[in-house]
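A structural walkthrough
In case you want the letters, here they are:
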Amino acid sequence: MEFIQQGYTGNIGKWKYLLPIVGFFGLMIVNYIAVVYLDDVLGMDVDELMHQEIAEKGANSVLFNSLIVFVIMLAALFFWVKYVHQQSIKSLTTSRKKIDWSRIFFSFTLWGIITAGFTIVAYYMTPDDFVWNFNANKFMILAIIAILMIPIQTSFEEYFFRGYFMQGLATMVKNKWFPLLITSVTFGLMHFANPEVEKLGPIIMVYYIGTGLFLGIITLMDEGLELALGFHAANNLITALLVTTDWTAFQTDSILRDVSEPSAGIDILVPVLILFPILLLIFAKKYKWNNWKERLTGKVEVPEVVENV
């Protein structure tokens, strides 16, 4: 059975899919309205409020508080899938007989090396854009929080968008291209309230939506979430440990602080137009992907016999 077909396993029902999806996006909308209200109506600087909170509690405490929400949401999603849908977590993860951890580690390592490499190159090419931010005690606490909790944050987003949402849409529309497109766009829009959007402008949405599309493609082509889980964890974790700024969603006690003036340049498009296609080629060769059109745009057939795999 294909990965996207596994939404048919267990006890399916449109309301069962719609309730968590509507609930999640409702929270995102409320968060965005709150940010707009504080900024435009009350005249309060959201960035300044964040800086004050970090000054009072410390960056690590603020980071922990922001990540604990994702721990709760991932646990809630797993509970809903297992006890309401009566679907196994494995079927929400992969079409293989068991979760392939080697795929997760390969994707994590590959993108982690690329991310760290680009950060090092940027540091040596434009040293004036960075200041040394390393504090051993704070960094050790950051490392513990980040290593334990950021993969949970990124896993929730993958399980929700490329797993639950994609499989649920497939049971309703019976094709692959629509779930791929919708989950990619909504994944990007989820980041619309991030401070990066205000600082860099709407062009940053090309990166967010493009990243969602890339993650959706590798999920469908590889018949599982493993590569997406590894990539997303590396992307957020390595960045959180290496470099921070005063205007991003994650502000951490990292090794470096980027003090350059925020601007949307070619670096926004490089991952989407160059790096992601290269990664697709690497994954395709390593895992022998074929039949791209069918896997990305084909029909989703209702299995004759639906089993809880």
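For the structure itself, consult the block above.
Below you will find a few notes about this structure. This is a predicted model, so every value here is computed, not measured.

Strand order in the open sheet formed by three strands is β1-β3-β2, with mixed pairing between adjacent strands. Each edge of the open sheet is held by one strand with a lone partner, namely β1 (130–132) and β2 (243–244). Across three bridges, β1 lies against strand β3 (residues 256–258) in antiparallel orientation. Counterpart to F130 in the pairing with β3 is D258. Across the sheet, helix α5 (residues 101–125) lies against β1, β2 and β3, angled at about 100° from β1, the strand it touches most.

Throughout the structure, instances matching the rule amount to 33 aromatic pairs. Seen from their ring centres, F106 and F283 are 6.1 Å apart, and the 70° between their planes marks the pair as edge-to-face. Here F106, found in helix α5, pairs with F283, found in helix α11 (residues 270–287); they are 177 residues apart in sequence, far enough to count as distant. With a relative accessible area of 27%, F106 lands in the partly exposed category. Taking 6.4 Å as the distance between ring centres and 55° as the angle between the ring planes, the aromatic pair formed by W132 and F134 counts as tilted. Accessibility expressed as a relative area gives 59% for W132, which makes it exposed. On the basis of relative accessible area, F134 is assigned to the partly exposed category, the value being 40%. Three or more aromatic residues link up through ring pairs in this structure, and these residues are F24, F25, F70, F156, F160, F161, F165 and F187. Just above the ring of F106 sits the side chain of K286; from NZ or CZ to the centre is 4.7 Å.

Next up on the list: the packing of α5 against helix α10 (residues 226–242). At a minimum axis separation of 7 Å, α5 and α10 run at an interaxial angle of 35°. Crossing of α5 over α10 shows right-handed handedness. When α5 is examined against α10, the residues R103, I104, S107, F108, W111, G112, T115, A116 and T119 are found in contact with a partner set consisting of E226, L227, L229, G230, F231, A233, A234, N235, L237, I238, T239 and L242. Within the contact of α5 with α10, the residues separate by chemical class into 12 nonpolar, seven polar and two charged.

On to helix α3 (residues 59–84), then. Here α3 contains 26 residues, and its C-alpha end-to-end distance of 37 Å stays within 8% of the 38 Å for a straight helix at 1.5 Å per residue. Taken as a whole, α3 has its buried residues at A59, N60, V62, L63, L67, F70, M73, L74, L77, W80, V81 and V84. The first or second residue beyond α3 is Q86, which carries a positive phi of 55°.

A separate point is a nonpolar patch on the surface. The grouping of I29, Y32, I33, L189 and F192 at the surface amounts to a nonpolar patch, some 470 Å² of accessible area in total. Among the elements that take part in the nonpolar patch, helix α1 (residues 14–41) stands out by supplying three residues, more than any other. For L189, the location among the structural elements is in helix α7 (residues 177–189).

Time to look at the nonpolar core. Ranked by internal contacts, the top residues of the largest apolar core, which has 61 residues, are F214, I218, F283 and W289. Apart from residues no more than four positions distant in its own chain, I218 is found in contact with G224, L227, A228, L280, F283 and W289. Grouped together as the second largest cluster of nonpolar side chains are 12 residues, A143, A146, I150 and L237 included.

With that settled, consider unusual backbone geometry. Glycine aside, residues mostly have negative phi angles, and peptide bonds mostly take the trans form. The backbone of K174 sits at a positive phi, close to 65°, despite the residue not being glycine. Looking at where K174 falls in the secondary structure, it is placed in the loop between α6 (136–173) and α7. Unusually for a residue other than glycine, N291 sits at a positive phi of about 55°. Relative to the helices and strands, N291 is located in the loop between α11 and α12 (292–297).

Moving on to the pattern of salt bridges. Inspection of every chain in the model, using the stated rule, returns nine salt bridges. Between E158 and R162 there is a salt bridge; the shortest N-O distance is 2.7 Å. With E158 and R162 both in helix α6, this residue pair falls four residues apart, about one helical turn. Connected via shared salt-bridge partners are R96, D100, R103, D222 and E226.

Analysis parameters
- Residues numbered from 1 in each chain as written.
- Predicted model: local features only at pLDDT ≥ 70, side-chain atom pairs only at ≥ 80, totals over all residues.
- Heavy atoms only, no water.
- Pairing = 2+ DSSP bridges.
- Helix = DSSP H or I, 4+ residues; strand = E, 2+ residues; numbered from the N terminus.
- Contact = heavy atoms within 4.5 Å.
- Axes fitted to C-alpha atoms, helices over the stretch in contact; angles between N-to-C directions.
- Phe/Tyr/Trp six-rings, centres within 6.5 Å; stacked < 30°, edge-to-face > 60°.
- Buried < 20%, exposed > 50% of the residue type's maximum accessible area, 1.4 Å probe, protein only.
- Lys NZ or Arg CZ within 6 Å of the ring centre and 35° of its normal.
- Left-handed = near helix turned anticlockwise from the far one by under 90°.
- Nonpolar A, V, L, I, M, F, W, Y, C, P; charged D, E, K, R; others polar.
- Expected span 1.5 Å × (residues − 1).
- Patch = residues over 30% accessible without salt bridge, like charges linked within 9 Å, V, L, I, M, F, W, Y side chains within 5 Å.
- Areas by Shrake-Rupley, 256 points an atom, 1.4 Å probe, with all protein chains shown as cover.
- Salt bridge = Lys/Arg side-chain N within 4 Å of Asp/Glu carboxyl O.
- Core = buried A, V, L, I, M, F, W, Y, C linked by side-chain atoms within 4.5 Å.

No statement about biological role is implied by the geometric values presented.
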